[in-house]
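Structural overview for review
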Amino acid sequence: MEWSVNRESDKPIYQQIFEYIEEKIAYGEFPPGSRLPSERKMAEQLNVNRMTIVHVYDELQASGLVERKKGSGTRVSTHKWGILPKGVTNWRKYIEGGSFLPTYPLIKRIRDEAKVMKDGYNMAGGELSTDLFPASFLQASFNQHAFPSNLGYVHPQGHLEFRETLASYVKEYHDINVTSSSILITSGAQQALYLITQCLLNPGDAVAIEAPSYSYSLPLFQSAGLRIFALPVDAEGINPDDIVTLYRKHQIRMIFLNPTFQSPTGGVMTEPRRERVLEIAAELGIPIVEDDPVSLLSFDGKTHYPLKSIDKSGNVLYVGSLSKVIASSLRVGWIMGPESVINRLADARQQIDFGLSIFPQLIANQFIQSPEYPKHLAFLKQELLERRNEMVLALNEYLGDKVEFSVPKGGLFCWCKIKQKVDDQKLVEEAIKNKILFMPGSVYGSPNGYVRFTYARLQREAIKEAVLKFAKVLDKV
Ligand SMILES: Cc1ncc(COP(=O)(O)O)c(C=O)c1O
């Protein structure tokens, strides 16, 4: 919930909440007949005592704004303001209809909890902790940049100067050869995946994704009506021969891969397999979408070049992002691929939102060219390495006989298999009670009993405590 009580105000807290709900009802944001959150939920969302909400709901009832019936909770009155139920829009029908599927309940549960949880341990979200964002460098970049005089719509592929900078950036860091006209700037890698699934595929098309994989957690594949088939991931990545099997059986039309420091497993596809995957995809004429948000975060000095850098057939659509190396709120990502594909996607982009705002592009453009950027990357890798080490120590110390894991050589995550039988839902709920958040493997398409811990979000000192608390939670379920 965006709104919060003002604890400095002279107005009593219950009065503030009463007026807030009254306004929502008056503006139709809580329509007649809709159910208000339970007292407990509302108290949690607003971070107030449950009795305060009991008082507010009593007052709302006394003023006729809500009706309360045993078993059906607190609903906005349908008689108030002269609105009759039959003249009321049934928003539920719309909310539950539409082509965009809602987030999976277990992920939503964890995200909602992350918003309200105070003094807990968040090992769920795949992002950096605030002290790892280069805020002062970004501020300096912003200050140095002359405010653009042209504030008209940006080119739908993205700001030209930034695309040119990005072309040099991917050459330097990833050995990818591309020109500005083959780049589309997106609102993060997420939008890149959305555009690809919506514009290049049709409902009923079969696609192959890694299992487990980040893509499983995205209902956008189902929203696009795609049929999803799994390419199991082992210690060396996917097995290239599985592509052939899936192609023969299901005529798969696209392959989604995250070959370097894969989410959630943290694994890296070996070079021979990368070459073979490219050969097979070219032979069968199947495009590959390579999702590569974290390959720069390698801890052992080894550079993992993307598939795109060795793709000779123009078969790879390369998706990148600055979310995990600079800041997720910048919302800067990209797709690099054949110009005809980029033009098609840019045209769709024009219809959706006319392209990304100029400002994040200017900031990113300035920062990735500055001498501060490599320093920031070095700092980030060192910090993440220390946090990874701390997590590995804690896992060995507190969960040594209960989980199996491989030490991640880069990225943000540690993937663990729990040896005992567990139910993911129960484990998540028990962990939430103990103020621990993590991602259960089932949301990535794994069987129950796997967990993804993010070590990037917690301070180094907190990692040990978080793992210890998780070990206690595991003892209870
Ligand atoms: C593998 C992977 N791809 C894509 C994304 C989307 O990132 P963004 O849209 O912030 O660039 C994420 C975010 O967690 C991710 O882990």
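Further up the page is the structure itself.
Report follows, based on the coordinates. In this text, all values refer to a predicted model and were calculated from it rather than measured experimentally. Numbering of residues starts from 1 in each chain and follows the order in which that chain's sequence is written. Per-residue local features are limited, in this predicted model, to residues with pLDDT of at least 70; the limit for side-chain atom pairs, both in listing and counting, is 80 or more; totals at the level of whole chains, interfaces and linings are taken over all residues. No hydrogens and no water enter the side-chain calculation; it runs on all heavy atoms of the structure.

Turning our attention to the packing of aromatic side chains. Only rings of Phe, Tyr and Trp enter the pairing, Trp through its six-membered ring, and a pair is recorded when the two centres are within 6.5 Å. The plane angle decides the type: under 30 degrees is stacked, over 60 is edge-to-face, the rest tilted. Counting across every chain of the model gives 17 aromatic pairs. For the ring pair Tyr 169 and Tyr 373, a centre distance of 5.8 Å and an interplane angle of 50° mean the geometry is tilted. With Tyr 169 in helix 7 (residues 160-174) and Tyr 373 in helix 14 (residues 372-399), the pair connects residues that are 204 residues apart, well separated along the chain. Using a relative accessible area of 0% as the deciding quantity, one classes Tyr 373 as buried. Ring centres of Phe 221 and Phe 256 lie 4.8 Å apart, and the angle between their planes is 80°; on these two criteria the pair is classed as edge-to-face. Taken together, the residues Phe 221 in helix 9 (residues 220-223) and Phe 256 in strand 8 (residues 254-257) connect sequence positions 35 residues apart. As far as burial versus exposure is concerned, Phe 221 and Phe 256 are alike and both buried. Here a set of aromatic residues connected by ring pairs shows up, and it is made of Phe 137, Tyr 169, Tyr 173, Trp 334, Phe 367 and Tyr 373. Ring-over charges, as used throughout, are those where CZ of Arg or NZ of Lys falls within 6 Å of the ring centre and within 35 degrees of the ring normal. Here the guanidinium or amino end of Arg 452 rests over the ring plane of Phe 413, the centre of that ring lying 3.7 Å away. Here a strand is any run of E in DSSP of at least two residues, a helix any run of H or I of at least four, and the numbering for each starts at the N terminus. The classification of residues rests on relative accessible area computed with a 1.4 Å probe and restricted to protein chains. Under 20% of the type maximum is buried, over 50% is exposed, and intermediate values are partly exposed.

Here Thr 260 lies in the loop between strand 8 and helix 11 (271-284). By relative accessible area, Thr 260 is classed as buried at 0%. Any N or O atom pair separated by 3.5 Å or less is treated as a polar contact, with the protein-specific requirement of one donor-capable and one acceptor-capable atom, and with residues adjacent in sequence counted only for side-chain atom pairs. At 2.9 Å, the side chain of Thr 260 and the side chain of Arg 274 are in polar contact. Contacts: residue pairs with any heavy atoms within 4.5 Å of one another. Beyond its immediate sequence surroundings of up to four residues, Thr 260 is in contact with Gly 267, Arg 274, Asp 292, Val 294, Ser 295 and His 304.

On to helix 5 (residues 105-116). Working rule for helices: expected span equals 1.5 Å times residues minus one. In this model helix 5 runs 17 Å from its N-terminal to its C-terminal C-alpha over 12 residues, within 8% of the 16 Å that 1.5 Å per residue would give. All buried positions along helix 5 are accounted for by Leu 106, Ile 107, Ile 110 and Glu 113. The arc that holds the buried residues of helix 5, viewed along the axis, is 130°, so those residues lie on one side. Facing away from the buried side of helix 5, by more than 90 degrees, are the exposed residues Pro 105 and Lys 115. Tucked into the core, helix 5 has its buried residues touching helix 15 (424-433), strand 14 (436-437) and strand 15 (439-440). The directions from the helix axis to the C-beta atoms are what the arc is built from.

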